[in-house]
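Notes for the structure review
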Amino acid sequence: MNSQKSFTLTSPISILPQVGTSLTKAFNSIGVFSVGDLLYNFPSRYMDFRKTVKIGEIEIGDTVTVLGTVRTVRANPIFRSRLSISEITIEDSTGKIKVVWFNQPYIAKALSVGDEIILSGKVTLYKTAQFTNPAYEIIRQQFPDESALEKNTIEHLHTGRLVPVYKKSELIPIRTMRRLVKLVLPLATNFPDYLADSSTAKKLNVIALAKAIENLHFPENDEDVNNARFRIALEDILPQQLAMEMQKELRSKNKTFKIKADIEKVKLFLTTLPFELTPSQKRAIWDIFQELETGKPMNRLLQGDVGSGKTMVAILAALQTAGNGFQTVVLAPTEILAKQHYETFLSVFGTPKSS
């Protein structure tokens with residue numbers, strides 16, 4: 001098997017062991033083109049196989065994990081059908097249970113009497129309790145060969161833990177997906193971690209990016225998942241926040257006209273209105289007046305419900321701009337709203353005189 005040192009985050013997915021043409025196309029269909037894409041192809045959910053019990057403690061309907069020794073193995077073709085059943089019996093010190101897999105004949109060939117295996121899945125009832133299509137991993141084979149020993153080294157990727165489930169593609173076996181993710185996981189440390197050792201990371205108490213990637217794919221508990229998702233969310237918004245801060249820094253170095261507020265004119269204007277401004281409107285207007293006087297470009301978002309008085313705040317800012325000899329442009333997303341604003345301005349300032 002190739003070492004993870006032989007490929008990088010930018011290597012094509014086809015470079016990975018046992019990923020041929022058809023499997024490459026399947027990965028591409030879910031947006032995975034490179035090794036880095038594979039690491040960022042996070043699970044959509046998890047199967048909780050953490051509950052480990054003895055066979056004698058099993059109850060119908062439980063989703064559990066058991067460890068046992070294979071006592072019987074049979075491969076049964078279904079009469080007049082292309083389907084087949086792989087059936088085994090496993091045993092521990094407390095009892096036995098039947099296990100069946102539908103249309104997976106390779107399982108009966110992979111298992112032998114005397115093998116020790118782990119099973120994780122839901123216990124169903126068919127005459128007696130049984131596992132149907134459970135996940136499995138071989139702990140120890142009774143008659144291993146060299147390839148089997150390498151293939152079946154236990155890492156608990158499929159059983160006995162929170163097991164990741166990924167975007168569906170019928171051409172990508174779920175066990176293959178987990179195996180490949182585990183193979184390339186060491187490369188997660190090669191992603192640039194812009195928050196590493198930063199004051200922001202310490203303030204928010206976030207984990208390293210590589211650890212977040214590892215925990216999303218193979219978490220130990222629910223807290224691992226939550227912390228990792230939070231860290232990845234920060235990583236997603238960080239470039240946007242940095243761009244905004246850079247734009248803000250550039251704007252702070254620019255200069256524009258200083259527009260001084262004429263408070264007496266504002267007070268006189270307010271007496272002509274048939275209503276009184278709300279405290280929120282007064283605070284917003286005062287903040288805008290102060291920034292207009294700095295001589296620096298201003299970019300503000302005034303947020304409020306419909307009818308909260310945003311237009312009146314804009315009118316007062318335009319009034320100060322006009323009083324300093326400058327013009328104001330009011331933009332609206334629709335023609336109807338533009339007409340409404342125009343009519344509002346006319347109602348406040350009066351019909352303009354014709355030249």
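Small disclaimer: the values here were computed from a predicted structure and weren't measured. (Residues numbered from 1 in each chain as written. Predicted model: local features only at pLDDT ≥ 70, side-chain atom pairs only at ≥ 80, totals over all residues. Heavy atoms only, no water.)

Let us look at the overall build of the protein chain. For the protein chain, the helix and strand inventory stands at 12 helices and eight strands. Taking 20 Å as the expected radius of gyration for a compact globule of 355 residues, we find that the protein chain reaches 33 Å, considerably beyond that expectation. Judged by the C-alpha coordinates and their principal axes, the protein chain covers about 100 × 50 × 40 Å. By the burial criterion, 37% of the 355 residues in the protein chain qualify as buried. Surface accessibility of the protein chain: about 22,500 Å² in total, with carbon and sulfur atoms responsible for 54%. For the protein chain, the centre of its 44 positive side-chain charges and the centre of its 36 negative side-chain charges are spaced 4 Å apart. (Helix = DSSP H or I, 4+ residues; strand = E, 2+ residues; numbered from the N terminus. Rg over C-alpha atoms; globule rule 2.2 N^0.38 Å. Buried < 20%, exposed > 50% of the residue type's maximum accessible area, 1.4 Å probe, protein only. Areas by Shrake-Rupley, 256 points an atom, 1.4 Å probe, with all protein chains shown as cover. Lys, Arg positive; Asp, Glu negative; His and termini not counted. Charge placed at Lys NZ, Arg CZ, Asp CG, Glu CD.)

Among the nonpolar cores identified, the biggest contains 37 residues, and Leu16, Phe27, Leu38, Leu39, Met177, Val184 and Ile213 are the most heavily contacted of them. The set of elements that each furnish at least two residues to this core consists of helix H1 (21-29), helix H2 (35-39), helix H5 (174-184), helix H7 (209-217) and helix H8 (222-253). Residues within four places of Leu16 in sequence aside, it is in contact with Phe7, Val35, Leu38, Leu180 and Val184. One finds Ile90, Ile97, Ile117 and Phe131 within the second-largest nonpolar core, a separate group that totals 19 residues. (Core = buried A, V, L, I, M, F, W, Y, C linked by side-chain atoms within 4.5 Å. Contact = heavy atoms within 4.5 Å.)

A cluster of nonpolar side chains, Ile78, Leu83 and Phe102, forms an exposed patch at the surface whose accessible area comes to about 250 Å². In this structure, Phe102 sits in strand S4 (residues 95-102). (Patch = residues over 30% accessible without salt bridge, like charges linked within 9 Å, V, L, I, M, F, W, Y side chains within 5 Å. Salt bridge = Lys/Arg side-chain N within 4 Å of Asp/Glu carboxyl O.)

This brings us to the packing of helix H11 (residues 310-323) against helix H12 (residues 335-349). When two helices pack together, you describe them by how their axes are tilted relative to each other and by the distance separating the axes. For the pair H11 and H12, interaxial distance at closest approach is 11 Å and the crossing angle is 60°. With respect to H12, the element H11 is oriented oblique. At the point where H11 passes H12, the crossing takes the right-handed sense. Across the interface between the two elements, Thr311, Met312, Ile315, Ala318 and Leu319 from H11 touch His341, Thr344, Phe345, Val348 and Phe349 from H12. Broken down by class, the residue content of the contact of H11 with H12 amounts to seven nonpolar, three polar and no charged. (Axes fitted to C-alpha atoms, helices over the stretch in contact; angles between N-to-C directions. Parallel < 35°, antiparallel > 145°, perpendicular 65-115°, else oblique. Left-handed = near helix turned anticlockwise from the far one by under 90°. Nonpolar A, V, L, I, M, F, W, Y, C, P; charged D, E, K, R; others polar.)

Our next topic: the pairing of strand S5 (residues 116-126). Strand residues, when the strand is regular, have side chains that alternate between the two faces of the sheet. Sheet topology note: the strand S2 (residues 63-77)/S5 ladder contains seven bridges and is antiparallel. Of the residues in S5, the one forming a bridge with Thr69 is Glu116. Where S5 and strand S7 (residues 135-140) come together, five bridges link them in antiparallel fashion. Looking at the pairing, Ser120 lines up with Ala135 of S7. Sheet analysis places S5 next to strand S6 (residues 128-132), joined by four bridges and oriented antiparallel. (Pairing = 2+ DSSP bridges.)

Right, let's get into the environment of Phe7. One can find Phe7 in the segment before H1. Its relative accessible area of 2% is what places Phe7 among the buried residues. Between the alpha carbons of Phe7 and Ile232 there is a distance of 24 Å; along the sequence they are 225 residues apart. The residues contacting Phe7, other than those within four sequence positions of it, are Ile15, Leu16, Val35, Leu183, Val184 and Leu187.

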